[in-house]
Structure formats: structure tokens, C-alpha cells
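Here are the chains, one letter per residue:
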Amino acid sequence: HIQAKEDRLFDNDDYDGNIIPYLTHDELMIYTLYQVENSLQQRNGSIHSFFIDEPYCLCRPYYKEAYELMNCHEIAHLLEEAEKLEKKIKQLKI
């Protein structure tokens, strides 16, 4: 359903490639879970990829809520800790 929505948006000249503003709250939660999984599935994928690479990182503000809604509290916590690590790595590179 979300991919079909995105396909329809590609026909719109104003579409900038970011589907998030066009999603309902429920769609956004599902799309976020999908993007976390996609970041892991890509060649050389990692959870780090979710936080820094587009389009995954566009869902960064929503991952905790999405996993909490699914009662996956441990995964939500793990991702929070991974995000903290990503921020520390970023600081070291500056």
C-alpha cells in the first residue's frame, strides 16, 4: 500500500522523494519498521546505516515509537543505545 502510494507520488512534479509527509501515522510506523529492516538487508548493511544513510535516516525520529507500539521494548532500547553510539562516533570524526 505504501509503495503504491509512493508510485503515485512520483507522478507529482512537487514530490521531492520524501514520502513521510504523505503518510498517515499508522503508515509511518510501518514504514519506519520497514526502513530499519532495509538498512540491515543492504549490502554491508548495519544498524549504523539506519541512522546515517538516506532514506533510512529520515525515519530516525520515529523508530522508538514504532517498536514500542509493537511491544518490542527491548529492540526500542537497543536502537536507542545504537543511536547514542552513532552520535559518539560522529563526534569523534569532527
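For the structure given in this document, a descriptive report is provided here. (Residues numbered from 1 in each chain as written. Predicted model: local features only at pLDDT ≥ 70, side-chain atom pairs only at ≥ 80, totals over all residues. Heavy atoms only, no water.)

We now examine the side chain of E27. Topologically, E27 is positioned in helix 2 (residues 25-41). For E27, the side chain forms a polar contact with the side chain of K5, separated by 2.7 Å. Not counting the four nearest positions on each side in its chain, E27 is found in contact with H1, I2, K5 and Y22. (Helix = DSSP H or I, 4+ residues; strand = E, 2+ residues; numbered from the N terminus. Polar contact = N/O pair within 3.5 Å; in protein donor to acceptor, adjacent residues only side chain to side chain. Contact = heavy atoms within 4.5 Å.)

Turning our attention to the packing of helix 1 (residues 2-9) against helix 2. Packing of helix 1 against helix 2 leaves a shortest axis separation of 11 Å and a crossing angle of 100 degrees. As summarised for this structure, helix 1 and helix 2 are arranged roughly perpendicular, according to the angle between their axes. Residues I2, Q3 and K5 of helix 1 form the contact with helix 2, whose participating residues are E27, I30, Y31 and Y34. Within the contact of helix 1 with helix 2, the residues separate by chemical class into four nonpolar, one polar and two charged. (Axes fitted to C-alpha atoms, helices over the stretch in contact; angles between N-to-C directions. Parallel < 35°, antiparallel > 145°, perpendicular 65-115°, else oblique. Nonpolar A, V, L, I, M, F, W, Y, C, P; charged D, E, K, R; others polar.)

Moving on, we get to helix 5 (residues 73-93). The terminal C-alpha atoms of helix 5, which comprises 21 residues, lie 31 Å apart, in line with the 30 Å expected from a rise of 1.5 Å per residue. Listed as buried for helix 5 are A76, L79, A82, E83 and E86. Take helix 5 and look down its axis: the buried residues cluster within an arc of 120 degrees, on one side only. In helix 5, the exposed residues that point more than 90 degrees away from the buried face are E74, L78, K88, Q91 and L92. At its buried positions, helix 5 is contacted by helix 3 (47-52) and helix 4 (63-69). (Expected span 1.5 Å × (residues − 1). Buried < 20%, exposed > 50% of the residue type's maximum accessible area, 1.4 Å probe, protein only. Arc of directions from axis to C-beta.)

The next subject is the environment of E68. Relative to the elements of secondary structure, E68 occurs in helix 4. Overall, the relative accessible area of 28% leaves E68 in the partly exposed class. A C-alpha to C-alpha distance of 15 Å links E68 and E81, two positions 13 residues apart in sequence. The residues touching E68, leaving out its near neighbours within four places in the chain, are H73 and A76.

As a further point, take the state of the cysteines. Disulfides are covalent bonds that connect the sulfur atoms of two cysteines. Taken as a whole and judged by the stated rule, the model has zero disulfides. No disulfide involves C59; its nearest neighbouring cysteine sulfur is the one of C57, lying 8.7 Å away. Classification of C59 by relative accessible area gives buried; the value is 0%. Sulfur of C72: no disulfide; nearest cysteine sulfur belongs to C59 and is 16 Å away. (Disulfide = S-S within 2.5 Å.)

A full pass over the atoms with the stated rule returns six aromatic pairs. Taken together, a centroid distance of 5.7 Å and an interplanar angle of 85 degrees make the contact between F51 and Y63 edge-to-face. Linking F51 in helix 3 with Y63 in helix 4, this pair joins segments that are twelve residues apart in sequence. Taken individually, F51 and Y63 each receive the classification buried, so the pair is uniform in this respect. (Phe/Tyr/Trp six-rings, centres within 6.5 Å; stacked < 30°, edge-to-face > 60°.)

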